[in-house]
Amino acid sequence: MPPTNKIEARLSQAEAERAMYIDFEGFEDHSPSLLGILIDNTLEQIVLDTRLSLAAEAKNLRVATVQDSVRHLLTQSKAEDRLIVAYSQHEKNVIKKFAQTDLTGPYRDARMIARRWRTICHTDRPINGHGLKDFLEFIDFPRGTYLGKKKSTSRLKSVGDMLARRGNYQAITPVAKAKWTKLLEHNAIDCRGMCALVVLAAKELGVTQR
């Protein structure tokens, strides 16, 4: 494992509790459409795609560019000495590609942390895989089955397409509105669940390695 990855798999319980947990929603190989940021149990969701501005307004969400959002995120991370945690290298790579920013240093990979934790602390317990959903099931973190699996892009497309056709959030169908709500709930649960997972892992790893 390269040195950078070794660093990204480690953090203390105190660092985990103060970290900034982020999760993007969007289409593969495209600039992300939504950013969830969880800090001190407070969640902010920022719409990054102007085509979803009407849907953002309906939920009282801020609309901003990915570049401005990442710039603010990094500024706060440095000013408050907080790590930035996301699941896998995806968010780090998206930020490098679409915001031209390298997060090496404050970035921590929740998947690496979770895998290391299970290997050291819970090697006797089976797990279905190493996705966030698998680890949330592993720690019994509640995640409604109604949210489905890998539905984010289809929900984004459905809402975006209908807004483009009808030009008004109130004019889109109840089904489309429900898809927007579920997308936001999915993003929120991923942020909160990731935080719960990493804090637990950091705590147990800290006790094991004393």
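Residues numbered from 1 in each chain as written. Predicted model: local features only at pLDDT ≥ 70, side-chain atom pairs only at ≥ 80, totals over all residues. Heavy atoms only, no water.

Considering the environment of Asp-40
This is how the line gets drawn: Secondary structure elements follow DSSP: runs of H or I no shorter than four residues count as helices, runs of E no shorter than two count as strands, and numbering proceeds from the N terminus. Burial classes: relative accessible area under 20% of the type maximum marks a residue as buried, over 50% as exposed, and values in between as partly exposed (1.4 Å probe, protein chains only). Working rule for contacts: check all heavy atoms of both residues, and any pair within 4.5 Å makes them a contact. Pairs of N or O atoms within 3.5 Å make up the polar contacts considered here, provided that, within protein, one atom can donate a hydrogen while the other can accept it, and that residues adjacent in sequence are counted only when both atoms are side-chain atoms.
With respect to the element layout, Asp-40 can be found in the loop between β2 (34-39) and β3 (42-47). Overall, Asp-40 belongs to the partly exposed group, its relative accessible area being 47%. Asp-40 sits 22 residues away from Arg-18 along the chain, and the two C-alpha atoms are 6.4 Å apart. With sequence-adjacent residues up to four places away left out, Asp-40 is seen in contact with Glu-17, Arg-18 and Arg-82. For Asp-40, the side chain forms a polar contact with the side chain of Arg-82, separated by 2.9 Å.

What to know about the sheet that holds strand β1 (residues 20-25)
For clarity, the threshold we go by: In this scheme, strands are said to pair when DSSP sees at least two bridges between them. An axis is simply a line fitted to the C-alpha atoms; with a helix, the fit covers only the stretch in contact. Between two such axes, the angle follows the N-to-C directions and lies from 0 to 180 degrees.
The six strands lie next to each other as β4-β3-β2-β1-β5-β6, forming an open sheet whose pairing is mixed. Edge positions in the open sheet fall to β4 (62-63) and β6 (107-109), since each of these has one partner strand only. Sheet topology places β1 next to strand β5 (residues 84-86); two bridges connect them, and they run parallel. Looking at the pairing, Tyr-21 lines up with Val-85 of β5. Together, β1, β2, β3 and β5 form the strand contacts of helix α4 (residues 66-80), whose direction differs from that of β1 by roughly 170°. The sheet contacts of helix α5 (residues 90-98) involve β1, β5 and β6, and relative to β1 the element is tilted by about 70°.

Details of the pairing of β3
Put simply, the rule is: The crossover handedness rule: strands pointing away from the viewer, path from first strand over the helix to second strand clockwise, crossover right-handed.
One ladder, built from six bridges, connects β2 with β3; its direction is antiparallel. Each residue of the ladder has a partner; that of Leu-35, found in β3, is Ile-46. Counting the residues between successive antiparallel strands, the hairpin from β2 to β3 contains two residues, one of them, Asp-40, with a positive phi of roughly 50°. As defined by bridge partners, β3 adjoins β4 across two bridges and the pair is classed as parallel. Across the sheet, residue Ile-46 finds its bridge partner in β4, namely Arg-62. Tracing the backbone out of β3, into helix α3 (residues 53-58) and back to the parallel element β4 gives a crossover that is right-handed.

Description of the packing of aromatic side chains
The geometry of two aromatic rings is summed up by the distance between their centres and the angle between their planes. Operational definition: Aromatic contacts are taken between Phe, Tyr and Trp rings whose centres are within 6.5 Å, Trp giving its six-membered ring; a plane angle under 30 degrees counts as stacked, one over 60 as edge-to-face, and the others as tilted.
Under the counting rule described, the total for this entry stands at two aromatic pairs. Relative to Phe-138, the ring of Phe-135 has its centre 6.3 Å away and its plane inclined at 80°; by these criteria the two rings are edge-to-face. Of this pair, Phe-135 and Phe-138 both sit in helix α7 (residues 132-138), separated by three residues, roughly a single helical turn. Each member of the pair, Phe-135 together with Phe-138, is buried. One aromatic cluster in this structure is built from Trp-117, Phe-135 and Phe-138.

What about unusual backbone geometry?
Even without being glycine, Asn-60 reaches a positive phi, approximately 55°. Within the secondary structure, Asn-60 is located in the loop between α3 and β4. Classification of Asn-60 by relative accessible area gives exposed; the value is 72%. Positive phi outside glycine occurs at Asp-140, with the angle close to 60°. Here Asp-140 lies in the loop between α7 and α8 (152-166).

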